[in-house]
Amino acid sequence: MFDWFKPKKSLPIEPPIEKKVENFQSPRAVLDRFTAITGIHFNQKESVTATKLIYFCRNHSLYSFEELSYAIETNKGILEALINMLTVNETYFFRESRQIFFCAERALRSGKPIRVLCAPGSTGEEPYSIAMALLDKGILPHRIEIVSLDINSDVISLAQEGMYNGRSLHKTAPHLQEKYFQKVGGMFNIADGVKRLVHFHTVNIFEDSLFALGRFDVIFSRNMLIYFDEATVIRAVERLSRLAQNRETLFFFGHADFVKTPPMLCEHYEDGVKFYTLS
Ligand SMILES: C[S@@+](CC[C@H](N)C(=O)[O-])C[C@H]1O[C@@H](n2cnc3c(N)ncnc32)[C@H](O)[C@@H]1O
């Protein structure tokens, strides 16, 4: 048969390219779900947060807040990235340092090994400050264990690296800078002897992995509760109180963390320092 008698092959029909159109209405449902997972509220800052969410969606090829809501529920990586973008991780060494030195003095006087929790510890400045204060009191390293948690996995990686800029050290006494940091270019590297005392974990305090961390003699929970509403503060403190080693366990909070003392705690004031024990 001649070629020109063959029936012509029909070309496959390409499906029309569906051009997705962005549709960013109110972020309320996304924010409510985020709050339910993390405890963090966004009361006044909805418009700022909406701008950040749109930016986040574009980076993750999501075209609406409905798609983002669905992704939060079904894709752990998306939830993690969103948490890492929306949490506020501001911290520095020896922030509200009177509580840290008070804790070190108490630990020295007790003469017992000490297990401390930092919930949250952000990029590590707070737990490392506690470690330095304890070492500086002459407490032996094998008698110190510090556990630092944070919901943000990026800050946990930075904490484990232990490299800081000068701004983080603006409240660090020169003799502590000299003793516990090595200058590398313009940065400050925390000494291995301090690093070894702190164990970092990515943990959401509202998840049950919190209770796998064990019990503690001292619990620092500073400048996290300010992002929660009143009922969530009580829920958070109740969960942290279950990690107390015993009735002597000391709790330290940031000065703006709550106004009314949660019912499971009893307030104390000594040497100008506010702290709490179980009620
Ligand atoms: C402002 S920083 C405070 C850090 C340090 N405690 C201080 O006072 O300098 C607040 C930290 O709380 C963490 N955070 C917020 N919600 C959390 C949650 N549900 N579980 C664990 N960490 C949380 C954030 O990721 C952030 O790093």
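### Section: the packing of helix α2 (residues 46-59) against helix α4 (residues 76-86)
Part 1 of the reasoning: In the contact formed by α2 and α4, the axes pass within 11 Å of each other and the chain directions differ by 140°. Between α2 and α4, the crossing angle belongs to the class labelled oblique. Between α2 and α4 the crossing geometry is right-handed. Across the interface between the two elements, Thr49, Lys52, Leu53, Tyr55 and Phe56 of α2 pack against Ile78, Ala81, Leu82, Met85 and Leu86 of α4.
Part 2 of the reasoning: By residue class, the composition of the contact of α2 with α4 is eight nonpolar, one polar and one charged.

### Description of the confidence of the model for the protein
Part 1 of the reasoning: Mean pLDDT over the protein stands at 94; residues scoring 70 or higher make up 95%.
Part 2 of the reasoning: Mean pLDDT values over the elements of the protein span from 91, in α2, up to 99, in strand β2 (residues 144-150).

### Section: the domain arrangement of the protein
Part 1 of the reasoning: Each assigned domain of the protein is listed here: domain 1 (28-86) and domain 2 (97-278).
Part 2 of the reasoning: In this structure, domain 1 and domain 2 have C-alpha centres spaced 28 Å apart.
Part 3 of the reasoning: Taken together, the contacts link eight residues of domain 1 with 10 residues of domain 2.
Part 4 of the reasoning: Inspection of the region where domain 1 meets domain 2 yields zero salt bridges.
Part 5 of the reasoning: Elements with a minimum of two residues in the side of domain 1 that touches domain 2: α1 (28-38) and α4.
Part 6 of the reasoning: Element by element, the count of residues in the side of domain 1 that touches domain 2 is highest for α4, at three residues.
Part 7 of the reasoning: Split by residue class, the side of domain 1 that touches domain 2 holds three nonpolar, four polar and one charged.

The rules behind the values
Residues numbered from 1 in each chain as written. Predicted model: local features only at pLDDT ≥ 70, side-chain atom pairs only at ≥ 80, totals over all residues. Heavy atoms only, no water. Axes fitted to C-alpha atoms, helices over the stretch in contact; angles between N-to-C directions. Helix = DSSP H or I, 4+ residues; strand = E, 2+ residues; numbered from the N terminus. Parallel < 35°, antiparallel > 145°, perpendicular 65-115°, else oblique. Left-handed = near helix turned anticlockwise from the far one by under 90°. Contact = heavy atoms within 4.5 Å. Nonpolar A, V, L, I, M, F, W, Y, C, P; charged D, E, K, R; others polar. pLDDT = per-residue confidence, 0-100. Domains from an automatic or database assignment. Salt bridge = Lys/Arg side-chain N within 4 Å of Asp/Glu carboxyl O.

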